[in-house]
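Now for the letters of each chain:
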Amino acid sequence: MNLFFIIEFFIGILFCFYGRRFIHVLMALSLGAFLASYIFPRYGQSPQSYLFLLGSVVLIGFIFRSFSRLGLFFLGIFLGIYLLKLVGPRINMNHFRNSRILLVLLFAILVSFASGKILMALTGLFGGFLIVSGLIGIFHQIDLVMGSRIFSELNYMLRANDLYRSIPAYILAILGFIRQNNGSKR
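Residues numbered from 1 in each chain as written. Predicted model: local features only at pLDDT ≥ 70, side-chain atom pairs only at ≥ 80, totals over all residues. Heavy atoms only, no water.

A. Highlighting the overall build of the protein. The helix and strand inventory of the protein stands at 8 helices and 0 strands. The secondary structure elements of the protein, listed N-terminal to C-terminal, are α-α-α-α-α-α-α-α. Here the analysis covers contacts within the protein between residues at least 6 apart in sequence; of these, 72% occur between residues at least 24 apart. (Helix = DSSP H or I, 4+ residues; strand = E, 2+ residues; numbered from the N terminus. Contact = heavy atoms within 4.5 Å.)

Have a look at this one:
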């Protein structure tokens, strides 16, 4: 089974329910997972690849901890890209060639200055989408390994329509916001 989907699922849970508290660590882990998806297929899973990945995650975490706005900026880029994929086909943006890049950068700048409840909502939303995306990958891998079609219909429904994928993510985002909001009052 592909380990990437399991890691994506667990990072999504942490983002969704503990995002504000561990934002810097989670951003480093997210970029580490992205680096792993780039490094391992090209260079294999050698000890050198793991050491490079570990060093990169520690360095990224240190940078995000030192420059917290930078970590939030990257969170804004990730969210902006996903929201553009979700809303983009419904909006005619063919008139402006670079309008998508500008919208993602504008969203990233806005998120980099977010704090408090806005940050809880954004980390809940990002975590919700990661959880759903990880589950889709896990279900698909289970079907491939078992040679069955247990999750085929569910996978097809979630992959075929962004709305079906978004509804569980929004519900998880609301639950994550409530959890983070209740946890911050203690």
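After that view, the rundown keeps rolling.
B. How the structure looks around helix α2 (residues 23-43). The terminal C-alpha atoms of α2, which comprises 21 residues, lie 29 Å apart, in line with the 30 Å expected from a rise of 1.5 Å per residue. When we look at burial in α2, the residues that qualify are Ile23, His24, Leu26, Met27, Ala28, Ser30, Leu31, Gly32, Ala33, Ala36, Ile39 and Phe40. Just past α2, the residue Gly44 takes up positive phi, approximately 80 degrees. (Expected span 1.5 Å × (residues − 1). Buried < 20%, exposed > 50% of the residue type's maximum accessible area, 1.4 Å probe, protein only.)

C. Structural detail: a nonpolar patch on the surface. Side chains of Leu14, Tyr18, Phe22, Val25 and Leu29 sit close together on the surface and give an oily, nonpolar patch of about 400 Å² of accessible area. Contributions of two or more residues to the nonpolar patch are made by α1 (3-18) and α2. Following the sequence through the fold, Leu14 ends up in helix α1. Note on Leu14: relative accessible area 35%, which makes it partly exposed. (Patch = residues over 30% accessible without salt bridge, like charges linked within 9 Å, V, L, I, M, F, W, Y side chains within 5 Å. Areas by Shrake-Rupley, 256 points an atom, 1.4 Å probe, with all protein chains shown as cover. Salt bridge = Lys/Arg side-chain N within 4 Å of Asp/Glu carboxyl O.)

D. Structural view of the nonpolar core. Grouped together as the largest cluster of nonpolar side chains are 34 residues, with contacts concentrated most on Phe15 and Leu75. Of all elements in the fold, only α1, α2, α3 (47-66), α4 (68-87), α6 (117-146) and α8 (162-184) reach the threshold of two or more residues within this core. Looking at this core element by element, the count peaks at 10 residues for α6. Setting aside its immediate chain neighbours within four residues, Leu75 contacts Phe15, Ile23, Met27, Val111, Leu119, Thr123 and Phe126. (Core = buried A, V, L, I, M, F, W, Y, C linked by side-chain atoms within 4.5 Å.)

E. Here's a closer look at the packing of aromatic side chains. Using the criterion set out here, one finds 3 aromatic pairs in the structure. Ring centres of Phe15 and Phe126 lie 4.9 Å apart, and the angle between their planes is 85 degrees; this geometry places the pair in the edge-to-face category. Of this pair, Phe15 sits in helix α1 while Phe126 sits in helix α6, and the two are 111 residues apart along the sequence. (Phe/Tyr/Trp six-rings, centres within 6.5 Å; stacked < 30°, edge-to-face > 60°.)

F. Spotlight on the environment of Gly127. Tracing the backbone through its elements, the reader meets Gly127 in helix α6. Classification of Gly127 as buried rests on a relative accessible area of 0%. Sequence separation between Gly127 and Ala173 is 46 residues, and the spatial gap between their C-alpha atoms is 7.0 Å. The residues contacting Gly127, other than those within four sequence positions of it, are Gly12, Phe15 and Cys16.

G. Structural detail: the packing of α2 against α3. Close contact between α2 and α3 brings their axes to 9 Å; oriented N to C, the two are set at 150 degrees. The angle between the axes of α2 and α3 places the two elements in the roughly antiparallel class. In terms of crossing hand, the pair formed by α2 and α3 is right-handed. Where α2 abuts α3, its residues His24, Met27, Ala28, Leu31, Gly32, Leu35, Ala36, Ile39, Phe40 and Tyr43 lie against Ser49, Tyr50, Phe52, Leu53, Ser56, Val57, Ile60, Gly61, Phe64 and Arg65. Taken together, the residues of the contact of α2 with α3 sort by class into 14 nonpolar, 5 polar and 1 charged. (Axes fitted to C-alpha atoms, helices over the stretch in contact; angles between N-to-C directions. Parallel < 35°, antiparallel > 145°, perpendicular 65-115°, else oblique. Left-handed = near helix turned anticlockwise from the far one by under 90°. Nonpolar A, V, L, I, M, F, W, Y, C, P; charged D, E, K, R; others polar.)

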